[in-house]
Each structure stands twice: as C-alpha cells, then as structure tokens.
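So the chains spell out like this:
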Amino acid sequence: MQRRATQRTERPISLNQGAPWEKTRQFLALKFQEADIVTRKNKLRDEVSAHVDASGETDEKGSKFWKLDPPIEVNGQKFTEVKRERRVSQSLDEEKTDELVTAKGVRDRVFKTVEMEVLDQDELYVLNQEGLLSDEEIDGLWVENVSFAFKPIRG
C-alpha cells in the first residue's frame, strides 16, 4: 500500500474567532499546570511517605499509619490519618524453578513448549513475488484505521 503525504493548509487562529481561541489558550495553560501539579503532588507524596515510614505506627499486616492531628478537611472530606498500605505479591523465580526441577529430573513436566500460529507478513510478499498472490489481492488484505490526536503546534 502506498502512503501519500498530505499537504498542511496554514490557518492561523485569530483573536476574532473568540471562544475556540480562548478555549485553546486555556487548554494549553492547563496542560502545563497539570504537569507541574503532578510533579509537585508526587514529591509531596514521597516526602509524606518518608515521614510515615519513620514516624508511623505499624499494624499486624505491616502497613504504617500516621494520625493527622488535627484532621485535615479538603473539599468537604475529612482526613484523619495517612496510611502506607503494605501490599505483597508473589511470583515464581523461573531460574530457581528451572534449577530445582532440572535437578529433580522433572523439568519436562513443568516447562512446556507452546506452539503458536502467527501471520508471517514477509511471506505474503514472497508469495506476491512468486506470482501466487497478485498486487490487488495483497492490497485488499490491508485495513486502514483512522484516528485523530489533538496536538497543539508550537510556533
């Protein structure tokens, strides 16, 4: 499938377009504020987490709590403590597992070879070169998906 370059038409946004121009200006301002806010929020989270780790009380599950005295109220919600919740996940160490089951002589029962059917796009073109598939048939196999991204352009 041949790709065509598209020509961009220059349409500068002028002040007389009113609402769309102002909304674009607000969008751009919020976009940069959002990045700054996320950076600041993460830094504050990390600093408070370090305080909770150092000064908080640990429960039986290993989570840490720091009581807010006095409680903090934000947007009509009252917060009384901060929790650093301990979460544990388990996964097999494949290397250790391989060593163990190999030593026990049962590796073939634990590790399986899986066959998968995959589409070899290169082979389609080989078949085309060999004359077994026509250009039209190959072109008919491609599906074109179109999407649009909202991307303000810096100038």
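Criteria and cut-off values
- Residues numbered from 1 in each chain as written.
- Predicted model: local features only at pLDDT ≥ 70, side-chain atom pairs only at ≥ 80, totals over all residues.
- Heavy atoms only, no water.
- Helix = DSSP H or I, 4+ residues; strand = E, 2+ residues; numbered from the N terminus.
- Buried < 20%, exposed > 50% of the residue type's maximum accessible area, 1.4 Å probe, protein only.
- Contact = heavy atoms within 4.5 Å.
- Salt bridge = Lys/Arg side-chain N within 4 Å of Asp/Glu carboxyl O.
- Polar contact = N/O pair within 3.5 Å; in protein donor to acceptor, adjacent residues only side chain to side chain.
- Phe/Tyr/Trp six-rings, centres within 6.5 Å; stacked < 30°, edge-to-face > 60°.
- Lys NZ or Arg CZ within 6 Å of the ring centre and 35° of its normal.
- Pairing = 2+ DSSP bridges.

Novice: Would you mind going over the overall build of the chain with me for this structure?
Specialist: A count of helical and extended segments in the chain gives five helices and three strands. The order of α-helices and β-strands along the chain, N terminus first, is α-β-β-β-α-α-α-α. Considering the chain as a whole, with its 155 residues, one finds that 6% of them fall into the buried category. Expressed as a percentage of contacts within the chain between residues at least 6 apart in sequence, the contacts between residues at least 24 apart total 21%.

Novice: Honestly, the pattern of salt bridges in this entry has me stumped. Any pointers?
Specialist: Side chains carrying opposite charge are able to pair once their charged atoms draw close together. By the definition in use, this model includes seven salt bridges. In this structure, the salt-bridge partner of Arg25 is Glu22, at a minimum N-O distance of 2.6 Å. Taken together, the positions of Arg25 and Glu22, both in helix α1 (residues 19-55) and three residues apart, correspond to about one turn of that helix. With a closest N to O distance of 3.0 Å, Glu85 and Lys83 form a salt bridge. Because the salt bridges share partners, they merge into one network encompassing Lys83, Glu85 and Arg87.

Novice: Just checking my understanding: could you explain helix α2 (residues 94-103) for this structure?
Specialist: An α-helical segment advances 3.6 residues per turn. Residues three or four places apart therefore align on the same side. Its side-chain oxygen placed 3.0 Å from the backbone nitrogen of Glu95, Asp93 serves as the N-cap of α2. Where α2 ends, the next residue or the one after it, Gly105, has phi of about 75°, a positive value.

Novice: Which parts of the structure should I look at to understand the packing of aromatic side chains?
Specialist: In this description, a pair of aromatic rings is defined by centroid distance and the angle of the planes. Under the counting rule described, the total for this entry stands at zero aromatic pairs. Directly above the ring of Phe111 sits Arg107, whose terminal nitrogen or CZ lies 4.5 Å from the centroid.

Novice: How should unusual backbone geometry be read in this particular structure?
Specialist: Apart from glycine, the bulk of residues carry a negative phi angle, and the bulk of peptide bonds sit in the trans form. Here the residue pair Asp69 and Pro70 is connected by a cis peptide bond, since its omega of 5° sits within 30 degrees of zero. Within the fold, Pro70 resides in strand β2 (residues 64-74).

Novice: Would you take a moment to explain helix α4 (residues 121-129) for this structure?
Specialist: One side-chain oxygen at the N-terminal end of α4 lies 3.2 Å from the backbone nitrogen of Asp122; it belongs to Asp120. Looking one or two places after α4, you find Gly131, whose phi comes out positive at around 85°.

Novice: I would appreciate a short explanation of the pairing of β2 in the present structure.
Specialist: Moving residue by residue along a regular strand, the side chains alternate between the two faces of the sheet. Pairing between strand β1 (residues 57-58) and β2: two bridges, direction antiparallel. In the sheet register, Glu57 faces β2, and the bridge partner there is Phe65. In sequence, β1 turns back onto β2 through a hairpin of five residues, with Gly62 there showing a positive phi of about 95°. Bridging between β2 and strand β3 (residues 77-84) involves seven bridges; their strand directions are antiparallel. Paired with Lys67 across the bridge in β3 is Glu81.

Novice: Honestly, the side chain of Ser63 in this entry has me stumped. Any pointers?
Specialist: Looking at where Ser63 falls in the secondary structure, it is placed in the loop between β1 and β2. At a separation of 2.9 Å, a polar atom in the side chain of Ser63 contacts the main-chain amide nitrogen of Arg86. With residues near it in sequence (within four places) discarded, Ser63 still touches Glu57, Thr58, Lys83, Arg84, Glu85 and Arg86.

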